[in-house]
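Examining the three-dimensional arrangement
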Amino acid sequence: MNAPPAPEAIVRPITLAIMALGGQGGGVLAEWCVRLGELAGYRAQYTSVAGVAQRTGSTIYYLEFFPEAAIARAGREPVLALMPVPGDVDVVIAAELMEAGRAMLRGLVTPDRTTLIASTHRVYAISEKSAPAEGRAPGAPVLEAAQAHSRRFVGFDMEATAQQGGSVISAALFGALAGSGALPIARGVFEEVIREGGKAVEANLRTFALAVTEATTPTEPSAPAIDPPPAAAPAPRDPAVAALLARIDGEIPFRARASAREGVRRLIDWQDVAQAGRYLDRLAALAKAEDEAGGSRQNHVLVDELARNLALWMSFEDVFRVADLKTRAERFTRIDGEMGAAPARLVTVTEFMHPRIDEVRDSLPEVLAQLLDGAPGRWLAPLFAKGRRIATTSLAGFLLLRLLAQGRRWRRRTRRYAREEAAIDGWLARIATTLPRNYALARELVRCQRLVKGYGDTHARGSDRFAALMARFDRDGQAPGYAARLAALRQAALADEEGTALARALAEDDALVSQG
Amino acid sequence: MAERSFAKEVQKLRLGKGETFAGEGILAVTKALLQSGIAYVGGYQGSPISHLLDVLADAQEIMAELGIRFEASANEAAAAAMLAASVNYPLRGAVAFKSVVGTNVASDALSNLASGGVTGGAMVIVGEDYGEGSSIMQERAHAFAMKSQIWLLDPRPNLPSIVRMVEQGFELSEASNTPVMLELRVRSCHLYGRFEASDNVRPAFGLKDAMEAPRRQTDRIVLPPANFQHEVEKVRDRWPAAIDFIRQHRMNEFLGGHSGPVGIIVQGGLYNNVVRALQLAGLADAFGQTEVPIYCLNVTYPLIDSEVVGFCADKRAVLLVEEGQPDFIEQNVARILRQAKVDCALVGKEMLPLAGEYTGKVVSDGLQAFLAAHAPALLGKGGARPPEAGSNLPDIAGVVPARPAGFCTGCPERPVFTAMKLLSREIGEFHVSSDIGCHLFSILPPFSIGNTTMGYGLGMAGMAAFQAPAKQRTVALMGDGGFWHNGVASGVGHMVFNRNDGVAVIIDNGYAAATGGQDVLSSRAANRSRTTQHPIAKAVRGMGVEWVKELRSYDVAHVRERLREAMTTPVKGPKVIIAQSECMLNRQRREKPLFKAAVSKGERRVQERFGVDPETCTGDHSCIRLSGCPTLTVRDNPDPLRDEPIAHVQNDCVGCGNCGETAHAAVLCPSFYRAEITHNPTVWDRAKARLRGAVIGWLQARDARRRARWAF
């Protein structure tokens, strides 16, 4: 029988796992780490699981370092593992926040051993991006877990560091590893590895240095973000606007005033002061009703939501609005900034517009629109069947869009305006009649507005779903506890694009009614 | 040209005796082949063995110096058939492919090869795509070895062992006139390590010698009565010869202690996991020295009865660590012990999982359970196990989103699926028979298109049954990789011959993209050692299809239109749409450096990028549901009135144009814009920009002044 290993012979390898996304350069980082180990006097072994995960999925690289000196002493080769064992990982490097979460879920991060180095930026997964409303996973629980369950957590936005240094995230992660002190290897060796690599050496070293600094600067957990006090808004020059703002202070509960001011700003921008006045009339009337219905006990949450949703609906996106926004100077400046415009980099912009005959009708006064409802509309339809590319930065394109934007002047006479206004009135009337008897249900009604958004088919779909919910409300709204059911229907309406969830929810609702 | 170049690394293949080789597993295998004196090598790419083929392609020059022929085989069957060269002649050869899918395709040739047997050493290198990262059905290559009687090598996962197994594998093959199979697990393929090299060997008997002096042995051909004779030879001659060789050369290893109440039998590939488990239990040191006896099966088929009996005879219990199912080895060992009347408990999948990868944790847990039951005294020696990880983690399981693989940035396959999704909204849902390749990502969100996939190049055959009179036709998908792999005959030929009335969409991106961008017959680029530029349309027409449309895949509206036409035309017979656009990953790899170089030289270059206007985006994300491009993501809504995140295009947009085309085709929303960035503009460009800027700026300033009146 072999003698049991003598205690001094027990040298364990240093173990590192790298969690990355396909295309993030995890392989480069792993190769750097191998070289780092070798230069620092270790036998380095690394493996990875490639496969289809290389295409944007989660990938994992695993390394072990074993001292060459110990190998020489023992005169034998060490047996190194090819995959991490939970509880036995010294360093976990995650190139994205949720990948750090995944490492923790796999049990790779343990409080007694693991230094967790993670970039806290987010690369959203497809499920988070494709939800019809908010689908993003909250980062706070992962950060909290990282703090609580690692031996040491080094976390900051390394993607930002990489951008600042003009390089890629692997250089920032490498710097964070050096700065963390998790490996008994001097900074100079890290830098030597980057130099040896020979590619983008300057940018990589710069990014590396920034990350080292960031990782070695102790950061106190920052105080919870508090919205900065609103910058002293310039006092309105126009007396009519000043009058509107005064009305807000007089007629709208405190909680909803910021939203109401934004609403007024939006409607002036969308149309004019008169339109903002109309908005405030509607809002103030319901604010009064809400207060009478005991709104103060509810902290006036309904009015605040209504202030925002009403403003959004009243400033619906039409051709005029889009053309207006597309031609503004602020937009040109923003795009120039995003695209890095410079004297040696000229930026031009092309829009993808697709006015259909429906939108043309909607943009005309009812009388003219009716003309197009018949045969002439059918004749003209082919003209509007194709998408149009408009070069906004060209003179012709800009002037065309600016002309369209001027159409704002007859907006209040268009078919679309009349249709939206009627729908808004119907919605507000439902809220008003519901408020005295059921605050929660009235609030749900307010929230239903969020279904209506987007353009073209998306907008049509949203409007149909909103109408379906209103029809349900008209039928069943008196039923006890209907607020919860309406909320469920609204969530179902936002759950998917095809409407499967809503159809199911409506059917369940029917079943309830027939039982009830 | 493949995604990854090994041009620099292959120079390591020239290392001679005594020099230290440091590199990846696949490179080490290649070096071992050269050291074994092979005369020919071939294969078909696929994870985890793709890089082996890339290495071979990049090493052609070095191999040519040694008189070695390399074939980029059309598929795994073609690769396996290449081993026919070793039947009559003392030529060593090897082929490589992924398993089990590749072995499935190859099995006709493998059966024929194994039946007649070989004269020269014949080696099949299979990359076992099992466990984490795998994209295929979880089956074992072991079954193929057993059914055809091919010896199966499963070396310990370190480079010296792998290299030794390659070299001895050829000798074993020759000693037993039987092909051998070298099983390389995923992590072994990508394993970075080192070994001491030997000189490369130029085969004494070359391909030329065989061609100029052909030998015929008709009794090696599978035809009665020889086929019956082969079966007898297998068990009477070849099997015992193999057993003798394996024993004499100690291909299996007895490691650890020499005696003790319990022991471990392990597949070579899992040895390191067993050692790590022993280390964690405090029963082994870093060098794998342990008092627990280990019988390491570097040859997992056939088993050596005498070795098994010898190992188990003095033990109360052995733990058998065998990954995957069925438990072929466990059944075999049980039979051996039973027949030899050895009273030793055999513990295998009783304490280790029946299915799934044997990770470090799985093996460690199994070992603990085994020791607790059969050697509690040993267990006590180990001291405390490392604390269980994550036992009191806050519940983030519901927070961390799944991250499925998906189409790359700017991928030209995405618009095809956008068009299909849009068409199904118009004409209703249709059945889609998918294939193998990047395009199979269509089954994942956001597209969720596809009903079945039956194998590489079998998309069209997979819809063969759906030929009833119906209101809706059926669609088959296939990539150019699948088309040339198998689809020409099994797909197009089948459809034409059977008057299939379905619609086939062939995605022609110029490469076998999913396996790493290897060239195929229809690749547009010239290849220095193969012929390319054979259009798919020509092949399809040549097979007898009359309704063939070639189109640019990025033109979503056009793709939808052609698809609609194919789905609704009264024309009977197969309808083939070939959607073409180069794989963006490969295109960027080629063009990006050129673009950068031109710009830094001061040449005028126009770059396109897409963007989303935050003011007009309402945050419903229908664009994302129709695209799924990694650069199309979401960010906080800057509008104080809204909460939903808005769409956002990141800086790494490559300007493929799909966003604009989709916005048009789907009548989505006007928020997308395309920015053209002109680098190093000419004097004329600048003059135009100045003029426009002046006029537009003047008008914008007027509008801004008007708005400022009401501002607060």
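What counts and how
- Residues numbered from 1 in each chain as written.
- Chains lettered and ligands numbered in written order.
- Predicted model: local features only at pLDDT ≥ 70, side-chain atom pairs only at ≥ 80, totals over all residues.
- Helix = DSSP H or I, 4+ residues; strand = E, 2+ residues; numbered from the N terminus.
- Rg over C-alpha atoms; globule rule 2.2 N^0.38 Å.
- Buried ≥ 20, exposed ≤ 12 C-beta atoms within 10 Å, placed from the backbone.
- Contact = placed C-beta atoms within 7 Å.
- Nonpolar A, V, L, I, M, F, W, Y, C, P; charged D, E, K, R; others polar.
- Domains from an automatic or database assignment.
- Pairing = 2+ DSSP bridges.
- Core = buried A, V, L, I, M, F, W, Y, C linked by C-beta atoms within 7 Å.
- Axes fitted to C-alpha atoms, helices over the stretch in contact; angles between N-to-C directions.
- Parallel < 35°, antiparallel > 145°, perpendicular 65-115°, else oblique.
- Left-handed = near helix turned anticlockwise from the far one by under 90°.
- pLDDT = per-residue confidence, 0-100.

Some points on the overall build of chain A
Looking only at helices and strands, chain A has 24 helices and eight strands in total. Expected size for 516 residues packed as a compact globule is a radius of gyration near 24 Å; at 31 Å, chain A overshoots this value by more than 25%. Referenced to the eigenvectors of the C-alpha coordinate spread, the extents of chain A come out at roughly 95 × 65 × 50 Å. Burial status across chain A gives 47% buried among its 516 residues. For chain A, the proportion of contacts with a sequence separation of at least 24, taken over those separated by at least 6, is 69%.

Some points on the interface of chain A and chain B
Every contact between the two is made by 119 residues of chain A and, on the other side, 106 residues of chain B. Here the residues of the side of chain A that touches chain B sort into 65 nonpolar, 25 polar and 29 charged.

Quick notes on the domain arrangement of chain A
Along its sequence, chain A is carved into domain 1 (8-216) and domain 2 (319-413). Computed from C-alpha coordinates alone, the two centres of domain 1 of chain A and domain 2 of chain A are separated by 48 Å.

Focus on the sheet that holds strand 18 (residues 503-508) of chain B
Residues and elements named next belong to chain B. Strand order in the open sheet made by the six strands is 16-15-17-18-20-19, with parallel pairing throughout. Whereas interior strands pair on both sides, the edge strands pair on one side only; in this sheet they are strand 16 (452-453) and strand 19 (547-552). The sheet contact formed by strand 17 (residues 475-479) and strand 18 spans five bridges and is parallel. Bridging from a neighbouring strand, V475 pairs with V503 of strand 18.

A look at the nonpolar core
Core analysis: the largest hydrophobic core is formed by 307 residues, its most contacted members being V92 and L173 of chain A together with A80, I125, W151, M181 and V274 of chain B. At eight residues, helix 7 (residues 169-180) of chain A tops the list of elements feeding residues into this core. Leave out the neighbours within four places in its chain, and M181 of chain B touches V124, V126, A141, A145, I150, W151, L152 and L153 of chain B.

Let's talk about the packing of helix 12 (residues 273-292) of chain A against helix 20 (residues 415-434) of chain A
Residues and elements named next belong to chain A. Following both chains from N to C, one finds helix 12 and helix 20 inclined at 15°, their axes separated by 9 Å at the closest point. One finds that helix 12 runs roughly parallel with respect to helix 20. For the pair helix 12 and helix 20, the sense of crossing is left-handed. On the side of helix 12, the interface is formed by R282, L286 and A289, while helix 20 contributes L428, I431 and A432. Residues of the contact of helix 12 with helix 20, tallied by class, amount to five nonpolar, no polar and one charged.

Section: the domain arrangement of chain B
Domain annotation for chain B reports domain 1 (9-248), domain 2 (253-381), domain 3 (414-586) and domain 4 (602-702). Between domain 2 of chain B and domain 3 of chain B, the C-alpha centre-to-centre distance is 49 Å.

Focus on the confidence of the model for chain A
Overall, the prediction assigns chain A a mean pLDDT of 90, with 94% of residues at 70 or greater. Overall, residues 1-8 of chain A carries pLDDT values under 50, and its contacts beyond four positions in sequence, including any with other chains, amount to 13 contacts.

Re unusual backbone geometry
All names here are of chain B. The linkage connecting S47 with the following residue, P48, adopts the cis geometry, with an omega of 5°. Within the element layout of this structure, P48 appears in the loop between strand 2 (40-43) and helix 2 (50-58). The step from Y301 to P302 runs through a cis peptide bond, and the omega angle for that step is 5°. Mapped onto the elements, P302 comes out in the loop between strand 12 (299-301) and helix 13 (305-312). Within the chain, S448 stands out as a residue other than glycine whose phi angle is a positive 50°. Relative to the helices and strands, S448 resides in the loop between strand 15 (432-434) and strand 16. Although it is not a glycine, N680 sits at a positive phi angle of roughly 50°. For N680, a count of 16 C-beta atoms within 10 Å corresponds to the partly exposed category.

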